Each structure stands twice: as C-alpha cells, then as structure tokens.
Amino acid sequence: MSGKSIPARERLILALDVPTIDAAKTLVESLGDACCFYKVGLELLMTGQYFELVDWLVRRGNSVFTDLKLFDVPNTVGSAVRQLVGRGITFVMVHGNDGMIEAACRAKGDLKILAVTVLTSLDEGDIRDLGFQTDVSSLVLSRARRALEIGCDGVISSGREAAAIRAELGDRLLVVTPGIRPVANLADDQKRTVSVEEAFRLGADYIVVGRPIHGAPDPREAAERIQATIRSLFPD
Ligand code: C5P
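All of the points below concern the structure found in this document. In this text, all values refer to a predicted model and were calculated from it rather than measured experimentally.

### Topic: the packing of helix α1 (residues 21-31) against helix α3 (residues 50-59)
Relative placement of two packed helices is described by the angle separating their axes and the distance separating the axes. Here α1 crosses α3 at 20°, and the two axes come no closer than 10 Å. If you check the angle between α1 and α3, you find them roughly parallel. The way α1 lies across α3 gives a crossing that is right-handed. Of the residues in α3, those touching α1 at I21, A24, K25, V28 and E29 are E52, L53, W56 and L57. Split by residue class, the contact of α1 with α3 holds six nonpolar, no polar and three charged.

Shown next, in the form of structure tokens:
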C-alpha cells in the first residue's frame, strides 16, 4: 500500500464530469468536506468557463487536477503546461510519449505532471486494435518506467497494474487510479476496474471517482462512504 504521507481525505479525487459550471459548483458545495480534491476535465473545458471554475476551486482551498490529456508536439505540450503554472493547480495530466512528457516536465514549475499509462477504458483487444504488439500490463509498466526516468511525478494507472508498478518502482512515482467501481463493471465504458479498497491495497496513492459519486442518488453519502473506506485503510 501507499507509504506516502498524504492526508486520508485528499486521497479521493472527484472527477467533475458535469455539463455546466453551475452544476459543478452546486455539486462541490453539496459535497462539503466529503471531498476536497477535484479533477476538472474536457466536458467543463468546452463550457468556456474552465478557468473560472479552476480559480474558484483554488480560492475555496480545494486541490485541483486539470485533466486535459495533453497530447501534441513537445513544444506545444510544454507551452500549454507553462500556461497552467502559478494558478494553484496541483496535478496536470499528459497523455503522450517521452518527448511530450519531457517537455511537460521541463515546463512544470509548481505543478506535478502525471502521465497516462493506458486508459482504464481500454482492454487487450483495444490496444491490439491500436497497433500495440504487447499486453496491457507490459505496456503500463514500460510507460511507468519511462515516466519515472524522465522525471514525471506520477502516472495514471488502473488498479490492476498498480501492484506491478509499486513492486518494480517502489514509492518513487505517485500512482493515481481511475476506473473505480464497486463490483465488476458491466454498466459503462470502464473496463479495467477495481473497487476502492482493492485500488489502495494494490498500491494506489489516489483514486479518481466520477460517476459512482456524481451519478449517485445522494453524492455526498456516496463520497462519505468512500472516505470511510479510505480512513479504515489509512488510519491517522
Ligand atoms: O466516471 P468515472 O469514475 O469513470 O470517471 C473517471 C474519470 O477519470 C473520467 O473523468 C475519465 O476521463 C478519467 N480518466 C480515466 N482513465 C484514465 C485517465 C482519466 O478514466 N486513464
């Protein structure tokens, strides 16, 4: 399990995948202290008020993870990362090869760069369709190894590969795990899923949870239930 000294409450990152800034603010306010770390992604970028929300979250003392899956020529990735420096953002996600990650790391200033390994919505068949001649676990591990060599702060990995990353790379990378589902997932697009407890037992430092919270009948109760599991795994 993660040996990093991260306050238990900060280990839950909520994916704010909602259609409007108002919906995002209402959700954040209704969650109260059940969640203090928010991932702001592509859906909210398209509202045109992305940074209004990011700045609002930072002002209220929340931690922010910008998930725009930056993927472009290294110069452009580096320039985009530079634009995010100094806004109080904690994590930035880059979804690229060595050159892109290197450029992001050079530009990162006060930010922490997280590299996507293999999206949790992809399985063996999907990566073969993309042209990779390897299995998901080997690809995740090789990308994690390279991310560490390049100087990345962490990786995004499904819980299923987190244990192998920890076993080989120890505590030198942050492992952030999306694809969290209570049981085997047949309901939506996430394929390499694990539960909250499994994710942490397999070595995740943070989990990213979206629909199981914002799609729940009572999001605050859903978030509190996850926080209770996290507290039981990481008692003070
Ligand atoms: O709703 P759900 O719990 O599946 O949300 C997971 C979030 O994590 C989404 O915002 C998705 O974009 C993001 N994510 C992911 N897999 C990655 C990187 C990010 O699911 N490898």
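Having seen the model, we can carry on.
### Here we look at the packing of aromatic side chains
A full pass over the atoms with the stated rule returns six aromatic pairs. Centre to centre, the rings of F200 and F234 are 5.3 Å apart; their planes meet at 85°, and the pair counts as edge-to-face. Taken together, the residues span a long stretch of sequence, with F200 in helix α9 (residues 196-201) and F234 in the segment after α11 (219-233) at a distance of 34 residues. Across this residue pair, the class does not change: F200 and F234 are buried. Here the aromatic cluster, defined as three or more aromatic residues joined through ring pairs, consists of F37, F65, F91 and Y206. Against the face of F234 rests R11, its NZ or CZ located 3.8 Å from the ring centre.

### Points about the pattern of salt bridges
The full count for this structure, using the stated rule, is 17 salt bridges. Linking D55 and R87 is a salt bridge whose minimum nitrogen-to-oxygen distance equals 3.0 Å. Pair noted here: D55 is in helix α3 and R87 is in the loop between α4 (74-84) and β4 (91-94), with a separation of 32 residues, a long-range link. With relative accessibility at 25%, the residue D55 sits in the partly exposed group. R166 is the partner of D171 in a salt bridge, and the nearest nitrogen-oxygen pair spans 3.3 Å. Each of the salt bridges in this network shares a partner with another, and the network as a whole consists of K4, R166, D171 and D205.

Basis of the calculations
Residues numbered from 1 in each chain as written. Predicted model: local features only at pLDDT ≥ 70, side-chain atom pairs only at ≥ 80, totals over all residues. Heavy atoms only, no water. Axes fitted to C-alpha atoms, helices over the stretch in contact; angles between N-to-C directions. Helix = DSSP H or I, 4+ residues; strand = E, 2+ residues; numbered from the N terminus. Parallel < 35°, antiparallel > 145°, perpendicular 65-115°, else oblique. Left-handed = near helix turned anticlockwise from the far one by under 90°. Contact = heavy atoms within 4.5 Å. Nonpolar A, V, L, I, M, F, W, Y, C, P; charged D, E, K, R; others polar. Phe/Tyr/Trp six-rings, centres within 6.5 Å; stacked < 30°, edge-to-face > 60°. Buried < 20%, exposed > 50% of the residue type's maximum accessible area, 1.4 Å probe, protein only. Lys NZ or Arg CZ within 6 Å of the ring centre and 35° of its normal. Salt bridge = Lys/Arg side-chain N within 4 Å of Asp/Glu carboxyl O.

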